[in-house]
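As a plain string of letters, each chain reads:
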Amino acid sequence: MEFCPDCGAMLLPKDGKLECSCGYTKNLSDDNEYEVSDNREADETVKMLGEDVEVGPTVNEICPECGHDKATYKLIQTRSADEAPTRIFKCSKCKHTWRAYD
Ligand SMILES: [Zn+2]
Ligand SMILES: [Zn+2]
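This section reports on the structure supplied with the text. (Residues numbered from 1 in each chain as written. Chains lettered and ligands numbered in written order. Predicted model: local features only at pLDDT ≥ 70, side-chain atom pairs only at ≥ 80, totals over all residues.)

1. Regarding the sheet that holds strand E4 (residues 58-59)
Selection criterion: Strands are labelled as partners when DSSP assigns at least two bridges between them. A run of H or I in DSSP becomes a helix once it reaches four residues, and a run of E becomes a strand once it reaches two; helices and strands are each numbered from the N terminus.
A sheet is described by the order of its strands in space; here four strands give the open sequence E4-E5-E6-E7, paired in antiparallel fashion. What marks the edges here is a single partner per strand, and that holds for E4 and strand E7 (97-100). Summarising the sheet, E4 and strand E5 (residues 71-76) pair through two bridges and their orientation is antiparallel. For Thr-58, the partnering residue across the bridge sits in E5 and is Thr-72.

2. Looking at the nonpolar core
Defined as follows: Buried Ala, Val, Leu, Ile, Met, Phe, Trp, Tyr and Cys residues whose C-beta atoms connect them within 7 Å together make up a nonpolar core. Between the buried cut of 20 or more and the exposed cut of 12 or fewer other C-beta atoms within 10 Å of a residue's own C-beta lies the partly exposed class, and all C-beta atoms are placed from the backbone. We call two residues in contact if the C-beta atoms placed from their backbones are at most 7 Å apart.
Counting five residues, the largest nonpolar core consists of Cys-63, Ala-71, Ile-88, Phe-89 and Cys-91. With three residues, the single largest contributor to this core is strand E6 (residues 86-91). When near neighbours in sequence (up to four residues on either side) are disregarded, Cys-91 contacts Cys-63, Glu-65, Cys-66, His-68, Ala-71 and His-96.

Structure below.
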């Protein structure tokens, strides 16, 4: 709750500002209310490797586990946006998953 420094009345929020009936307005401070966390889990990609990779486009990749030549893949954006996305392959036969390094 905030009060007008001019007349002491209660300030009412309006259009992203606090406004008083006397005409006083105050800009709301840029609090961290809408802050987007960029501290994404560092081990996010690692964790996803152990999980089921969603079905994606099928590509001709040799599975290192069973030698099958078809796999689905998915692009995973790593921690920072300026890193190339990681490709995760999943063997369509034995469901083994692995990541590709370009
Ligand atoms: Zn006022
Ligand atoms: Zn396989």
